[in-house]
Structures are given as C-alpha cells and as structure tokens.
Amino acid sequence: MLASLAKEWRGGLFSGFARKINHLSTSELSATKFKKPFKVQTQYIKMRLSLFLSLLSLFFLTPSVSWASHIVGGEMTYKFVSRNPATQMITYKITLHVYRDLYSVSGNGVPTQLDANAVIATHQQLPNGTYVSVSRTTRPLLKKTDLPRPVIPCSETPTNVGAEDGLYEWEQTLRDTNGSYFISYQRCCRNSTISNVLAPGTTGGTYYVEITPESQRESNSSPVFKSFPPTFICEGEPLTFDHAATDENNDQLVYRFCNAYAGATSNSPSATNPPPFNLVPYSVPYSSSAPMKGNPLIKIDPNTGSITGTPDAIRSINGAAYQQFVVTICVEEYRNGQVIGRIFRDFQFNVVRCKKLVVSALVSDSTAGKEFFVNGCENVAFTINNQSYERSNIPSYRWEFFNGQDTFRYADWSPTVTFTKIGVYKGALLLNPGTPCSDTAYVTVKVGGRIYPNFTVKYDTCLAGDVAFTSLTTSTVPIKRTLWEFGDNTRDSNKVSLTHLYATPGTKAVRLSLKDLYGCVGDTTINFNWQPAPPILIVEPDNFTGCAPAKVRFNNRSTPVDTTYKIVWDFGDGTFGKDISPTHLFAKADTYTVKLMITSPIGCYKEAEFRSWIKVKSVPKADFDWTPKVLNNLKPQVSFLDKSTSDVVSRRWFFSSKASSVEQNPQFTYRDTGVQQIKLYVLNQNGCRDSVFKTLYVEPEMTFHIPTAFSPNFDSVNDEFKGTGFLFGMKAFRLSIWNRWGEKIFETHDPTEGWNGAKNNAGRPEPEGVYLYEVEWTTPKNEVKNKRDFLTLFR
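A. A look at the overall build of the protein. Looking only at helices and strands, one finds five helices and 60 strands in the protein. The 795 residues of the protein split such that 44% are buried. Put simply, 64% of the contacts in the protein that link residues at least 6 apart link residues at least 24 apart. When the accessible surface of the protein is totalled, it reaches about 40,500 Å², and 51% of it is carbon and sulfur.

As structure tokens, this is what we get:
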C-alpha cells in the first residue's frame, strides 16, 4: 500500500492519495473481525489514520537503513512526566540506549554506525489479547559516548575491544487505558562470533518497555540501571559487578538472568513488529538463565543485582582470544507484593585473555588457588623452585616463613632452605611489594621427620606358595602411607604385614615406600630369587577323545614356570617334547598315557602322569564310482556305487546344490550338461567322518534333420519347411532359401521358424518347383555345421 501511495504522490496524483485515505478509513475498517461501540470505533479510526500518516512520513522522511552488524545490546526505560486529568493523557520521557562494537572482532570490516534516526513503534494491547499499532515514528540520535574500558592493574589487555552508547530520548504522550503499551526498537544484527546464540550474525535485537495499566494508574517510573557492565572481562579472573538499578518510587526490585529478544533480520534490517516479540534461540549448553560458562558459574543475586563468577572457555578469533555471550538482565518492580513493571538490559559480554604482567608461581606438591603446598623433611636441605613471570617485570621480591616462633627470610630467586624442626611453616613469596604491579604467592611448608624403612621376606624355597612381607620401618613422625610394590606390576598399600602369591618365577625386586604425616618419604628395595617347582601340575584339556590324526594342544597352567625351567613331555607314542605348552599330532588310533616332568633352575622337581589320557579313534575311508562313464543330455542318468570302508554307518551324497541322497548306491538324472561335482560324506561307528569329492562330465549333444520337400496347402500336414530334432544348445542358427533366379525369398535365425511357401512368409505364394536352401549352426560343443541342398515345393 505504501509503495503505491508513494508512486501516486510522486506523480502528482493527489486525488489518488485521497482515495487511499478513504479506502483506509472505510473499507479496511469494515473488514475487522470485532465490533465496538461508536466511540471506540471512532477512536480506532483515528488511531489507524494516525498510523497511516506516520508510516507515510517514515517512507518519505526516513533515510534507508543498512544492515547494522555488531549490535551488542540495548535497553529502554521510561519516566513519568505529567498527567492531564481532563484528557486522560499521560506524558512519559522515554530513554533508549543502543550499544554497538567500536571494533570488528569478527574481521568483517568497520562495524555499521548507529542509526541517525531510530524507528520507534508503539503498540497497545486490546482486551481480547490482540495488539494494535498506536504510532510509528523516528527519534534522532542525541549523543554517542564511548563506554569506559575497565582498568585491570598490571595486566596487558586487548586494545580492540570496546563499545559505544547511542542515546535516544523523547517525550511521548499516551492515553490512560486498561491495556499495556509496548514501545519498541527492533534492529539487525548481532555479531556473528557470539557463542551462546544460534545464527547470531542474522539475529537482531528488540529493546522495549511495557507500560502496564498499573504503572499508568500509579504514575510510575521504571527503574534505571546505575552503571554499565565492563566492556570486557578477563578469562579465569573473578568477576564482581554491581548491576543494581535505582527506582524513584522505592519499589522492591528483583533481578534475574532472562531471555534476550530477537529483532529485525538481515533481509529487513529495521522492523516495527507487534508483540509478542520473538525470543533469541540459545545454543546448547547455554540458556537464558545460564548464558555463560564459569567456574564458579556466572550468576546474579536476585536481591542486589550483583553478578559474580569466574568466566572461562575462550577461543581464538583472528589471532586474538575472545568469547562472546549475550547476557540479559531483567529487573521486576514489586509494589505491595504485585509486579507492576519490568525493564531489561541486553548486552554482549566479551571474555578476553588478559596477559598478567606479574604472576607469582612456584613448583609445589599441590595448589589451591594462589596457595602452594610444599613438603620437606627436618635437617634436609631442599630448594623451592620459583616459577614467577614475567621476570623482567619483577625488580624486587622476597620470601618470608614463620612457624609460630621464628621468622625466616630469603632473598634468592629459588631459595634452598633447611628447617631443623618438625612442623608447619607458613610463608609467602612477595613480588614487587608495595607497588601497584605486585603479586603474592602463599606457601605452606610441611616439615616431617626422618624415615628408616626396612622389611623382611619369608618363603619356602621349593614349594610354591605365599611370600610373607613384614615392615620393620621406624620414623620420628607417624607414617601416613605405606606402599608395597611386588616387582610383578602389582601393589598393595597401608599394611604393615602381608602375603603375596607370584604367578611367575624369577628374581623379584620388592620396594617398600613410605610417607609420613608431613610428606617426608623413604623407600627401600630387597631383591630375592623365587623359583620353586609348581605345587601341582595342571594341564588342559584334562582328557581328550578324537579321530586320527588328532592334533592336541597341551595348555600347561602349572605355576610357577617359565622358559628357565626344564620341561620334559612324554607323549606315550615314542616321542618327547620340551615346550611349556606344546602341540602334538597323534597319527594312529590308540590310547595314550602322557607324562609331564618339570625341574626349576634351582633343582626343585615335580612330575605327573596322566594315564589313558588321549583316546584317538579310527576314521572311515570314503570312496565311490559310477556308471556309465560317458554321459550326455540324451542319456543323462547315472548310477553311483559306494566303495567306502565297511565301518561306515551313514552317508550323504550331494549331486548339486539342491539335490542329495542318503542311499548307499543312488541313481541321479542330470538336467544340465557340463562338469558336475559329486560329494560323498561318510560317518563310522566311532563318530569319525571322511569325505571325497569327484567330478563327471555330461556331454551336450543335439540332432537336426531337414526335409527335401513340403506342401504348403494348409491341410496341417507338412505345411512348413523347417528342420526337426533335439535342438538344445544350438547356437548361431541361420536358414536361407533362394529361387532359381538367385533371389533370396526367405531367411530366419530361429530354428523353430519354418518357411510357409510365401515370400518372406508374408508376400505372394511362390510357385511349385525346386528351390535352393542353405542352413548353418553351431553345436553345444562349438562345432560349426552347414548344409546346402535343394528342396521341392508342391502345391
């Protein structure tokens, strides 16, 4: 509609403009879906006319808007100015702040500037829950202010992170009603590098206030935030920011993280859509109530508005470390226990990597924040390794320790200290003390006593069993931890006496390690030779029954045993073995007794005889023959003769993938020619099996006879000239017929098709007489046959 109005206006067609006004005030209103009293309809008509004129003025007076990327937030508040009881009109002062990047974090060039004229839409909620437009206007940008950068002492922070505040402020008069007014500014777009929003580069923002009926009646003013969040916060550094608001009506204020609103899109950078406004979609694992990661998690105090936490999880963008999050803070006004209004601030929090110029650190046994724990022992010198940085920024430093009675000071960068008394020494490493660029590491040194480790080892030399260990350790401070390492990749802890059973023999290096209450350690190692004979010889399988030839794997599970032991196997068939777990082939059917003998490197001996352990059974011999030896497709039946050994009790023949038989001497007729494989499986009374595979050949044969005359008189007797016979497997067939003038009058490649006496079997009938024919074909054995002769046609 506005486009057509603009065309008529620019073309000087004032009458067309008047017609559009008339159309808007009559026909359009008649199409509304609800009916109101005359007074309400009049007010509605005026409202729509006002809307139309406002839109028209926007179309002609507002400059075209571009896609404003890098919007980082905004907020809108209102302040009661005056009330006219006679007209029931209320005047408010509306304040809009729009925030944008001063730098292009995503590398897309210089961010788009703030709108010189912000498009502001006002909608009213009707009793039926729908919304009607009250006005669409533009408000000029009054002032731009760079937001202050946070000052972080003794840190190097990124210089290309910053934002500016665009201020739009105006007075707006509204009629006192029973419905809420929504005053909004909708714009595109946010930074494409935001982490907690889906498709942020095409997602805009909506900043609005709702003036509720209660606020209108109470001449209420909205809360106003006291200060602005920092333009960036440092990764891993605790954040404490007072995001409180003030309220001139002294209402109770409650704070919470809430959902940001989407706005215009990249296709339509500025919008005046009515409520309800679309919510910004958050990406997993973020949400409106948990918009940032942190340890501890970023949170807001509902009573004070204080935001606390330690941000983490940054990533690199264009060589610099940033992580960007959309965070929205809602403030609800409560009066007499009822919510009468709400404002919100939507802002992009930039988490950056701040380089500390001076950081205190040292090598320690454990840490807790800036506290380092170091263990030492009495009268034993040890060095505390200073790892503080940057060294060039640390012109002065000192160490201080105190144990409740004495103070110890050191001036070395990494001091070597000796404490002569058991106890706990509290200390600190002070870097650049008394200057703004200082840092302190707190040190707790736990000094323990001397440990004198010792233990005994007891075991039977030749009989394999548990080895007993007993600690004889003495110490000046109670032992906190005892660790036994048995030299076979196993360990046990916190026991004074214990036993251990080894799975393998050899030289064992057993280590006893101890630590006292203050962290002093001591250890000792004892080596001993453990090579007894196994207490019992265990071999799998414990029995075996099979068919000859039988391959048996003897799994020797006797322990302890290894390659240093002498192993002798007597397999009972006149052969011997020396492997720990051998595999042996028993060729003949018989019953065998096996004997195993083991001697350890120190002479400990153990043997075991397994009587009648291996039972090897005889196997049948499968064989067969057949007649006739020569088969073809004309005589395809064959008789099979079982020639297997007499101990066979069952058999199965396989003539093809689908044909089989259990008869002793079966017959079979082959349907196909070529090589055929016959399989015979037999089973004897011992349950042993044998099989044999043989092949026979079914030769392909064919017959073909051709007559010397025919009579095509349609008496169903000899009406066609064609060959007959067994034609299976015939290939490359061709029959041609010629008259005495040398004209070819018929040809076919189908051996079943004959000549009916007409030219090409479709023309005029040929006269009686003699004709020449030629026929050729290829047999199934790929032999080429041909014949040329005369035939006689009788009528």
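B. Geometry of the pattern of salt bridges. This model, assessed by the stated rule, comprises 34 salt bridges. In this structure, the salt-bridge partner of Glu-400 is Arg-398, at a minimum N-O distance of 2.8 Å. According to the relative accessible area criterion, Glu-400 is partly exposed, its value standing at 25%. Its salt-bridge partner being Glu-609, residue Arg-611 comes within 3.1 Å of it at the nearest N-O pair. In this structure Glu-609 comes out as partly exposed when scored by relative accessible area, which is 47%. One salt-bridge network, in which partners are shared between bridges, spans Glu-485, Arg-491, Arg-511 and Asp-523.

C. Region of the structure containing the sheet that holds strand β35 (residues 491-493). Pairing within the open sheet is antiparallel, and its four strands lie in the order β35-β34-β37-β38. Edge positions in the sheet fall to β35 and β38 (521-530), since each of these pairs with one other strand and no more. Strand-to-strand twist in this sheet, taken as the mean axis angle between neighbours without regard to direction, amounts to 15 degrees. Of the pairings in the sheet, the one linking strand β34 (residues 479-485) to β35 comprises three bridges and is antiparallel in character. Considered in β35, the bridge of Trp-484 is made with Asp-492.

D. Expanded view of unusual backbone geometry. Following Ala-548, the chain continues to Pro-549 via a peptide bond in cis, the omega torsion being -10 degrees. Of note, Pro-549 is situated in the loop between β40 (544-547) and β41 (550-553). A cis amide bond, omega -5 degrees, links Thr-559 with the succeeding residue Pro-560. Following the sequence through the fold, Pro-560 ends up in the loop between β42 (555-556) and β43 (566-570). Phi at Ser-716 takes a positive value of approximately 65 degrees, unusual for a residue other than glycine. Here Ser-716 is to be found in the loop between β56 (709-710) and β57 (731-738). According to the relative accessible area criterion, Ser-716 is exposed, its value standing at 68%. Non-glycine residue Asn-761 carries a positive phi angle of around 60 degrees.

E. Fine view of the packing of aromatic side chains. As enumerated under the stated definition, the model contains 53 aromatic pairs in all. Judged by centre distance (5.5 Å) and plane angle (45 degrees), the ring pair of Tyr-502 and Trp-530 falls under tilted. Of this pair, Tyr-502 sits in the loop between β36 (497-500) and β37 (506-516) while Trp-530 sits in strand β38, placing them 28 residues apart in sequence. You can call Tyr-502 buried: its relative accessible area is 3%. Ring centres of Trp-755 and Tyr-771 lie 5.5 Å apart, and the angle between their planes is 75 degrees; this geometry places the pair in the edge-to-face category. Of the two residues, Trp-755 sits in the loop between β58 (744-748) and β59 (769-778) while Tyr-771 sits in strand β59, which places them 16 residues apart along the sequence. Here the two residues Trp-755 and Tyr-771 agree in accessibility, since each one is buried. A cation over a ring is seen here: Lys-629 above Trp-626, with NZ or CZ 4.3 Å from the ring centre. The lysine or arginine in question, Lys-679, covers the ring of Phe-693, its NZ or CZ lying 5.4 Å from the ring centre.

F. Inspection of the environment of Tyr-207 at higher detail. With respect to the helices and strands, the residue Tyr-207 is situated in strand β9 (residues 205-211). Judged by relative accessible area, Tyr-207 falls into the buried class, the value being 1%. Counting along the chain gives 21 residues from Tyr-207 to Gln-186, while the straight-line C-alpha distance between them is 6.6 Å. In contact with Tyr-207, not counting residues within four places along its chain, are Ile-71, Gly-73, Gly-74, Glu-75, Met-76, Leu-96, Ile-183, Ser-184, Tyr-185, Arg-190, Phe-344 and Asp-346.

G. Main features of the sheet that holds strand β29 (residues 439-448). Overall, mixed pairing links the six strands, which are arranged β22-β23-β29-β28-β25-β26 in an open sheet. The open sheet has two edge strands with one neighbour each: β22 (366-368) and β26 (407-410). With direction set aside, neighbouring strand axes in the sheet form an average angle of 25 degrees. Relative to β26, strand β25 (residues 397-402) runs antiparallel, the two being bridged by four bridges. Bridge pairing in β26 links Phe-402 to Thr-407.

H. Representation of the side chain of Glu-378 within the structure. Structurally, the position occupied by Glu-378 is in the loop between β23 (371-377) and β24 (382-383). Buried Glu-378, no salt bridge; nearest opposite-charge side chain is Arg-450, N-O distance 6.8 Å. Apart from residues lying up to four places away in sequence, Glu-378 is in contact with Phe-419, Thr-420, Ile-422, Val-447, Gly-448, Gly-449, Arg-450 and Thr-476.

I. Quick peek at the pairing of strand β8 (residues 181-187). Most of β8 sits out of view: seven of its seven residues are buried. Of the two faces of β8, the one carrying Tyr-181, Ile-183, Tyr-185 and Arg-187 and the one carrying Phe-182, Ser-184 and Gln-186 are both buried. Of the strand pairs in this sheet, strand β3 (residues 117-125) and β8 are connected by four bridges, and their pairing is antiparallel. Within the sheet, the bridge partner assigned to Ala-121 lies in β8 and is Ser-184. For β8 and β9, the ladder comprises seven bridges, and the chain directions are antiparallel.

J. Just the state of the cysteines, in detail. The final tally for this structure, using the stated rule, is seven disulfides. The residue that forms a disulfide with Cys-154 is Cys-437, at a sulfur-sulfur distance of 1.7 Å. Of the two residues, Cys-154 sits in the loop between β5 (143-146) and β6 (155-156) while Cys-437 sits in the loop between β28 (423-431) and β29, which places them 283 residues apart along the sequence. The class for Cys-154 is buried, based on a relative accessible area of 15%. Disulfide pairing is shown between Cys-547 and Cys-688; the S-S distance is 1.9 Å. On the S-S bond that ties Cys-547 to Cys-688, the torsion sits near -95 degrees, and the link is left-handed. With Cys-547 in strand β40 and Cys-688 in the loop between β54 (674-684) and β55 (689-699), the pair connects residues that are 141 residues apart, well separated along the chain. When its relative accessible area of 0% is taken as the criterion, Cys-688 is described as buried.

K. Expanded view of the pairing of β36. With burial as the criterion, only one face of β36 is covered, namely that bearing Leu-498 and His-500; the residues Ser-497 and Thr-499 on the opposite face remain uncovered. Summarising the sheet, strand β32 (residues 467-471) and β36 pair through four bridges and their orientation is antiparallel. In the sheet register, Phe-469 faces β36, and the bridge partner there is Leu-498.

L. The arrangement of the environment of Glu-774 in detail. Topologically, Glu-774 is positioned in strand β59. The spacing of Glu-774 and Trp-738 is 36 residues in sequence and 8.5 Å in space, taken between C-alpha atoms. Not counting chain neighbours up to four residues away, the residues in contact with Glu-774 comprise Arg-734, Leu-735, Ser-736, Trp-738, Lys-787 and Arg-788. Among the polar contacts listed, one links the side chain of Glu-774 to the side chain of Arg-788, at a separation of 3.2 Å.

M. Structural detail: the confidence of the model for the protein. For the protein, the mean per-residue pLDDT works out to 87, and 89% of the residues sit at or above 70. Across residues 1-68 the pLDDT falls below 50, and counting only partners more than four positions away or on other chains, this stretch makes 76 contacts in the model. Note on residues 105-109: pLDDT is under 50 here. Beyond four places in sequence and across chains, it has 14 contacts.

Calculation rules
- Residues numbered from 1 in each chain as written.
- Predicted model: local features only at pLDDT ≥ 70, side-chain atom pairs only at ≥ 80, totals over all residues.
- Heavy atoms only, no water.
- Helix = DSSP H or I, 4+ residues; strand = E, 2+ residues; numbered from the N terminus.
- Buried < 20%, exposed > 50% of the residue type's maximum accessible area, 1.4 Å probe, protein only.
- Contact = heavy atoms within 4.5 Å.
- Areas by Shrake-Rupley, 256 points an atom, 1.4 Å probe, with all protein chains shown as cover.
- Salt bridge = Lys/Arg side-chain N within 4 Å of Asp/Glu carboxyl O.
- Pairing = 2+ DSSP bridges.
- Axes fitted to C-alpha atoms, helices over the stretch in contact; angles between N-to-C directions.
- Phe/Tyr/Trp six-rings, centres within 6.5 Å; stacked < 30°, edge-to-face > 60°.
- Lys NZ or Arg CZ within 6 Å of the ring centre and 35° of its normal.
- Lys, Arg positive; Asp, Glu negative; His and termini not counted.
- Disulfide = S-S within 2.5 Å.
- Polar contact = N/O pair within 3.5 Å; in protein donor to acceptor, adjacent residues only side chain to side chain.
- pLDDT = per-residue confidence, 0-100.

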